[in-house]
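# An overview of the molecular structure
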Amino acid sequence: MQQRRMRRLSTRFLLPLLAILVVVSCSTRKDAFLNRTFHALVTRDNSWFNANTKLQEAVADMQKAYVDDYDQVLPIFVNGTEDQAKGMVPTMEECIEKCATVIDRNSMEFDGKEKNNWIDDAWFVIGQSHFYKRSYLDAERTFDYIGRRYKGQDKQMEAKIWLARTAVQLEQYAKAQSVLDEIKGQKVLPKNFQHDQLSAVQADVDLKRGKVDDAILSLEHAVDITKAKKDRIRWTYILAQLYQAKGLDDKAIATYGRVTRMGAPYEMDFQAQVQQALAFDRGDSKKLRQKLVRMLRDEKNVDHYDMIHYAVADLDLKENKPADAIAQLKQSTKVSTTDTRQKAKSFLKLADLYFDDKKYPDAQHYYDSTTTVLAETHPRFEEVKTRADVLGDLVDQLDIIDREDSLQAFAKLDPEEREKRVKELIRDRERQEEQEKQEADDARELIANNPAPQADQGTPAAGGAWYFYNPVQISRGLSDFKKKWGNRPNDDDWRRTDKSGSALVDVAEETGPDSAVAPSSLSAAGEPAWKDPSNYLKDIPETPAMLDSSNSRICKALYLTGMIYKEKLKDVDNAIESFQVLNDRFEDCRYTPESNYQLYRIYLAKEAGGNFMDFGGASSKHYAEVIMERWPGSEFARLVQNPDQLQADQAAKSAESQAYDELYAQFRQGAYNGVIVTANGVLEQQPRNHLRPKYALLKAMAIGGLHLTGPFREALARVSADFPGTDEAKAAEAIQANLRKSDQPQAPVETPQVKAEYSEAAGDHFVVFMVPDTAKSIADIKAAISDFNKQYFRNTPIEVSASIWDPHTQVVLIRLFQTKEKAMDYYSLFETDAGVLKGINDQGYPLFAISSGNYTQFYTKKDEEGYVGFFERNYLGNK
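Thresholds, definitions, all that
Residues numbered from 1 in each chain as written. Predicted model: local features only at pLDDT ≥ 70, side-chain atom pairs only at ≥ 80, totals over all residues. Heavy atoms only, no water. Helix = DSSP H or I, 4+ residues; strand = E, 2+ residues; numbered from the N terminus. Buried < 20%, exposed > 50% of the residue type's maximum accessible area, 1.4 Å probe, protein only. Contact = heavy atoms within 4.5 Å. Areas by Shrake-Rupley, 256 points an atom, 1.4 Å probe, with all protein chains shown as cover. Disulfide = S-S within 2.5 Å. Salt bridge = Lys/Arg side-chain N within 4 Å of Asp/Glu carboxyl O. Core = buried A, V, L, I, M, F, W, Y, C linked by side-chain atoms within 4.5 Å. Axes fitted to C-alpha atoms, helices over the stretch in contact; angles between N-to-C directions. Parallel < 35°, antiparallel > 145°, perpendicular 65-115°, else oblique. Left-handed = near helix turned anticlockwise from the far one by under 90°. Nonpolar A, V, L, I, M, F, W, Y, C, P; charged D, E, K, R; others polar. Phe/Tyr/Trp six-rings, centres within 6.5 Å; stacked < 30°, edge-to-face > 60°. Lys NZ or Arg CZ within 6 Å of the ring centre and 35° of its normal. Expected span 1.5 Å × (residues − 1). pLDDT = per-residue confidence, 0-100. Pairing = 2+ DSSP bridges. Polar contact = N/O pair within 3.5 Å; in protein donor to acceptor, adjacent residues only side chain to side chain.

Check the secondary structure of the chain and you find 35 helices and 6 strands. Split into buried and exposed, the 879 residues of the chain put 41% on the buried side. Of the contacts made within the chain by residues no fewer than 6 positions apart, 61% connect residues no fewer than 24 positions apart. Carbon together with sulfur atoms contributes 50% to the accessible area of the chain, which is approximately 49,200 Å² in total.

This is the structure we're talking about:
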């Protein structure tokens, strides 16, 4: 009984006492052991722990999903892509909010010193969160604050390492190096300091500054001392890449071998084995070839067979076996499955080999194939596209020559032989069609006998057993098609040049008034056109007029072929051959004088280069004599008599073009009277100016700008009369036709309106979203934007308001952003969001960032078009 009474008394007094202690310890204004302990525990085990866990999990997921580009030196640190950063924003914002709250509630600062040892950890999570969502300026400020504010505490030096990493992302390499030097200058570093990270960041800075040798030394040290297996494997692979880049092939091969023995992930392990072969440069390749053959026998490498064949081709090229290399590269493209990057490499290597060997039709084929799978960000994309286009033009001309020669040869056959040849062509096509049909049947049978695996549990099964009722299968099929063939047009018989069946020659058709019209794909009887014998005979040049037309097409194609060789491919040997063939075949066709002149220019350049020997009369003198004898009064004769005249003419044309551009700029500014005076001077005093038609039209438009209707009509008529057949005459006639349609004649040119003048600014910015009245209700749009802001910018105060722009449009104003960069970060996220803004940001409504100063002019003058142009030039770089 007495014990029960004592327990009641203990409970009565102890519980209130405990409550008092808790209340007292909650205070951050008292520097006592109980207070420090309480707030440290709350900071560590509550908000900081949750935020740090979320951060590490998000970073781990990002790094797991990141796809390395093994064609480049791998990044030392995996920071994610821009899209991944956008996806991490909500989580990072939540981490920032949690840590900001815990700092606000649990920070204990006395006499300028933080007494809660976990506050710097909370700041550190905030800094990393900013870093991974690519808010680098905020990350920089946070890490710098930790380094200055929490001297001697756990996170000070680690924050400086991350400050250096942030400076690298901002391309402030000198600042990054300064921070690293500061760390290295410390007499004592914390016991648990990550020396491997210091060396890795130093290697990263060295690489960014192009100091590969220094980077190798730093990375070697990082590999030696790191305890993290994941980092050691990655950094070792990067070391091998750097050795390879420096030409240290033996060292690179050995280092790749180390990677294969470290238990690397499958992809990196495979790449290391292949790179051993690609790094080989001399010696006996037998062992490497044996390894590659073994890899081809391993079914788990099936999606990388293309890469293995590419590596074998590389060995063949290094051992001077080009034919074997080409065979391996072709096999690489055939077995390619999912790796479009490797497919592009194989296509490009084939194209380059054929191009270097001057086998241009084959080169064009593979350059064209390369463009369908090569990423637009590839450093050679524009070069490859240009070569494909140039060689495409060349192949078109060569095909015209082949086609016309074939048709002329066919015309020389007797009727019985023609009929026999046509039947052979039809039989060949029938066999081809039958073979393709059999391959299609075999493919269908294979699909039927090997149905796709059932969907995993929890994955909705696609309805319908037939392939085309299954959207999942359709999507997969389309994806596989693009991986194999690239972005091809949705055309029938897209792999066949001749879709109609006119199989005399398999060539692309020449466009233009003289080109043959493509035959119908079906005959009158409903049969394919290629089965109709008359389809093969209709273009045969049987009359003298048809033969002359055919020869004209050949002559023109030979000349254009020579010019492509000479001007675009810089292949003078093939150019000479084309021009000489033209001269030999056609004594006096439309392009014979020009062909002789081009040969004159080619040999003149050869002779000027020295070491030229005249064999068989081929020299500039020979072709000059031909031109002077046969075409003495021509422009070519004038140029032969004065070889420097061409250069002088080109210089004069350049000066004339510049003068016209300057006058046109005056016209755009509304200086019409001055334009008229200058144009009159050119038209009266410069009869050889090659831009006279443009000056005449510009003068007319300037008169129209002055609203002088009668003189405007007269000036337009003068352009048509003085320069018939020119583009300017056609434009003048079109304007006159429009004027005649008008009830009240008026000049079609309006005096330029005074536009707002915008200036670049880095300070306060808004984001503007212009919404037409045909869109959703403005209230719904504002609500969706507010939800978007809560998700991505929960720690940033952002105001959303709307105002009337005109009777049909409202302006949604999103503010305030302290810098242009912050506004553009918001713009980028807003534009690409596929969540809460779906149906709003994907409708094509104008969206742009604008400084507070420019906004006043923009809104007052209602200058949407003017500012959008300014935004695209100065913010997007005209993308």
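Turning to the state of the cysteines, a few remarks are in order. Linking two cysteines covalently through their sulfur atoms gives a disulfide. All told, the structure shown has 1 disulfide when counted by the stated rule. One disulfide bridge connects Cys555 with Cys589, the sulfur atoms lying 1.8 Å from each other. Placement of the pair is Cys555 in helix H22 (residues 544–568) and Cys589 in the loop between helix H23 (572–585) and helix H24 (592–608), with a sequence separation of 34 residues. For the residue pair Cys555 and Cys589, the accessibility class agrees, reading buried in each case. No disulfide involves Cys99; its sulfur sits 6.8 Å from the nearest other cysteine sulfur, which is in Cys95. Given a relative accessible area of 0%, Cys99 falls into the buried group.

Turning next to the pattern of salt bridges. Under the criterion given, the structure shown has 41 salt bridges. Its salt-bridge partner being Asp69, residue Arg341 comes within 3.1 Å of it at the nearest N-O pair. On the criterion of sequence distance, the pair formed by Arg341 in helix H16 (residues 340–356) and Asp69 in the loop between helix H2 (33–65) and helix H3 (82–106) is long-range, its members being 272 residues apart. In this structure, Lys208 and Asp204 form a salt bridge, with 3.1 Å as the shortest nitrogen-oxygen distance. Pair noted here: Lys208 and Asp204 are both in helix H8 (residues 195–208), with a separation of 4 residues, about one helical turn.

The next point concerns the nonpolar core. Membership of the largest hydrophobic core comes to 140 residues, with the highest contact counts inside it found for Tyr132, Phe143, Trp235, Tyr367 and Leu569. Here the element with the most residues in this core is helix H18 (residues 381–411); it accounts for 9 residues.

When two helices pack together, you describe them by how their axes are tilted relative to each other and by the distance separating the axes. Closest axis-to-axis distance for the helix H15 (residues 322–335)/H16 pair is 9 Å, and the angle between their directions is 150°. As judged from the angle between their axes, H15 and H16 are roughly antiparallel. Pair H15 / H16 crosses with left-handed handedness. Touching Ile326, Leu329, Lys330, Ser332 and Thr333 of H15 are Gln342, Lys343, Ser346, Phe347, Lys349, Leu350, Leu353 and Tyr354, all from H16. Looking at the contact of H15 with H16, its residues break down into 6 nonpolar, 4 polar and 3 charged.

Summed over the entire model, instances satisfying the criterion amount to 48 aromatic pairs. Ring centres of Tyr597 and Phe636 lie 5.4 Å apart, and the angle between their planes is 35°; this geometry places the pair in the tilted category. Highlighted residues: Tyr597 in helix H24 and Phe636 in helix H26 (residues 635–641), separated in sequence by 39 residues. Each ring, one from Phe769 and one from Tyr845, has its centre 6.0 Å from the other, and the planes form 50°; the classification is tilted. Of this pair, Phe769 sits in strand S3 (residues 765–772) while Tyr845 sits in the loop between helix H33 (820–832) and strand S6 (847–851), and the two are 76 residues apart along the sequence. In this arrangement the basic side chain of Arg165 is found over the ring face of Phe77, its NZ or CZ atom lying 4.0 Å from the centre. In this arrangement the basic side chain of Arg387 is found over the ring face of Phe355, its NZ or CZ atom lying 3.9 Å from the centre.

Turning our attention to the side chain of Asn596. Take Asn596: it is sitting in helix H24. Excluding residues within four positions of it along the chain, Asn596 makes contact with Asn583, Tyr623, Val626, Ile627 and Trp631.

Each turn of an α-helix holds 3.6 residues, which means side chains three or four residues apart point in the same direction. Here helix H6 (residues 155–169) spans 21 Å end to end across 15 residues, near enough to the 21 Å set by a 1.5 Å rise per residue. Burial analysis of H6 places 14 of its 15 residues in the buried class, the great majority of the element. In the stretch just after H6, Glu171 is the one whose phi turns positive, near 60°.

This paragraph deals with the confidence of the model for the chain. The predicted model of the chain averages 80 in pLDDT, with 81% of residues at 70 or higher. Contacts of residues 17–25 to residues separated by more than four positions or lying in other chains number 6 contacts, the stretch itself having pLDDT below 50. Contacts of residues 745–754 to residues separated by more than four positions or lying in other chains number 22 contacts, the stretch itself having pLDDT below 50.

Right, let's talk about the pairing of S3 for a bit. Burial within S3 is extensive, with 7 of its 8 residues counted as buried. Where S3 meets strand S5 (residues 809–817), 7 bridges bridge the pair, whose relative direction is antiparallel. Paired with Val768 across the bridge in S5 is Leu813. Sheet topology note: the S3/S6 ladder contains 5 bridges and is antiparallel. Within S6, the position partnered with Val767 by the bridge is Ala849.

Another aspect to go through is the pairing of strand S4 (residues 799–806). In the sheet, S4 pairs with S5 via 7 bridges, with the strands oriented antiparallel. Residue Val800 lies in a different strand from S5, and its bridge partner there is Ile814. Counting the residues that bridge the hairpin from S4 to S5 gives 2 residues.

With respect to the secondary-structure elements, Ser550 resides in helix H22. Among the polar contacts listed, one links the side chain of Ser550 to the side chain of Gln408, at a separation of 2.9 Å. Apart from the residues within four sequence positions on either side, Ser550 is in contact with Glu404, Gln408 and Pro541.

Taking 1.5 Å of rise per residue, 17 residues should cover 24 Å, and H16 covers 24 Å from first to last C-alpha, within 8% of that figure. All of the buried residues along H16 are Gln342, Lys343, Ala344, Ser346, Phe347, Leu348, Leu350, Ala351, Asp352, Tyr354 and Phe355. Two or three places before Arg341, at the start of H16, stands the capping residue Asp339, its side-chain oxygen 3.2 Å from that residue's backbone nitrogen. One or two positions beyond H16, positive phi appears at Lys358, with a value near 60°.

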